Amino acid sequence: MIDAKIIDGDVATDFGARFCEISGTDALFQRAIVCMTVPRGSFIYDRELGAGMCAQNSAAKRELSFDEALAKYENTSVRVTGITGSAAEVLVTIDGESREMEVQSYGDV
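Residues numbered from 1 in each chain as written. Predicted model: local features only at pLDDT ≥ 70, side-chain atom pairs only at ≥ 80, totals over all residues. Heavy atoms only, no water.

1. Remarks on the overall build of the chain
Applicable threshold: By definition, any uninterrupted DSSP run of H or I lasting at least four residues is a helix, any uninterrupted run of E lasting at least two residues is a strand, and each is numbered from the N terminus. C-alpha atoms define the radius of gyration in this analysis, and the globule rule sets the expected value at 2.2 Å times the number of residues to the power 0.38. Partly exposed residues are those whose accessible area sits between 20% and 50% of the maximum for their type, while under 20% is buried and over 50% is exposed, using a 1.4 Å probe and protein chains only. Contacts are assigned to residue pairs with any non-hydrogen atoms lying within 4.5 Å of each other. Where accessible areas are quoted, they stem from the Shrake-Rupley method and a 1.4 Å probe; at the residue level, only the protein chains shown are allowed to cover. Charge counting follows a simple rule: Lys and Arg are positive, Asp and Glu are negative, and His as well as the terminal groups are ignored. The location of each charge is read from NZ of Lys, CZ of Arg, CG of Asp or CD of Glu.
Looking only at helices and strands, one finds two helices and seven strands in the chain. For the chain, the sequential pattern of α-helices and β-strands runs β-β-β-β-α-α-β-β-β. Expected size for 109 residues packed as a compact globule is a radius of gyration near 13 Å; at 14 Å, the chain falls within 12% of this value. Each of the three principal axes of the chain carries a C-alpha extent, and together these read 45 × 30 × 25 Å. Out of the 109 residues in the chain, the part that is buried amounts to 31%. Counting only contacts in the chain whose residues sit at least 6 apart along the sequence, the fraction spanning at least 24 positions is 36%. In the form shown here, the chain has an accessible surface area of approximately 6900 Å², with 51% of it arising from carbon and sulfur atoms. Across the chain, the mean location of the 10 positive side-chain charges is 3 Å away from that of the 18 negative side-chain charges.

2. Some points on the sheet that holds strand β6 (residues 87–94)
Using the following cut-off: By the convention used here, strands pair only if DSSP detects at least 2 bridges between them. Each axis is a line fitted through C-alpha atoms, taken for helices only over the stretch in contact, and angles between the N-to-C directions span 0 to 180 degrees.
Ordered in space as β5-β6-β7, the three strands form an open sheet in which the pairing is antiparallel. A strand with exactly one partner marks an edge of an open sheet, and here the two such strands are β5 (76–84) and β7 (97–103). Taken pair by pair, the neighbouring strands of this sheet meet at an average axis angle of 20°, ignoring direction. Here β5 pairs with β6 via eight bridges, running antiparallel. Note that in β6 the partner of Val78 across the bridge is Val92. Most of the contacts of helix α2 (residues 59–69) go to β5, to which it runs at about 150°, and overall it touches β5, β6 and β7.

3. Focus: helix α1 (residues 24–37)
Residues spaced three or four apart along an α-helix point in a common direction, a consequence of the helix completing one turn every 3.6 residues. Counted only if it meets this: Here, expected helix span is obtained from the residue count minus one, scaled by 1.5 Å.
Along its 14 residues, α1 runs 20 Å from first to last C-alpha, staying within 8% of the 20 Å computed at 1.5 Å per residue. Residues Ala27, Leu28, Phe29, Gln30, Ala32, Cys35, Met36 and Thr37 constitute the buried set of α1.

4. Here we look at the nonpolar core
Spelled out, the test is: Residues belong to a common nonpolar core when they are buried Ala, Val, Leu, Ile, Met, Phe, Trp, Tyr or Cys residues joined through side-chain atoms within 4.5 Å.
In terms of nonpolar packing, the biggest core is built from 20 residues, with Met36, Phe66, Leu70, Val78, Val90 and Val92 touching the most fellow members. For this core, the element with the most residues is α1, which contributes five residues. With near-sequence residues (within four places) excluded, Phe66 lies in contact with Met36, Ala51, Val78, Val80, Ala88, Val90 and Val103.

Listed below in structure tokens is the structure:
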């Protein structure tokens, strides 16, 4: 899998204004973050993409929402480890590799 690298919600470019690419496991983890970040139904080309709305301060409800957003991806799981303001700290595991990440909502895409 090859994808354009996203940094702070924007597509990253190099000095020549070309898109920076990521592949392999990095691309899979980026896909997971996108799935958990955007509101379900906001992406016009795939209305099933994204996480549903949930209580901002409930780690258990957020984890259920994130699990649902990642359900179609094999060998992928998420665990919410903390909530800080509008962000959730999560531990995402894909094919046995785990990474700690922060998930924030940027709104519609």
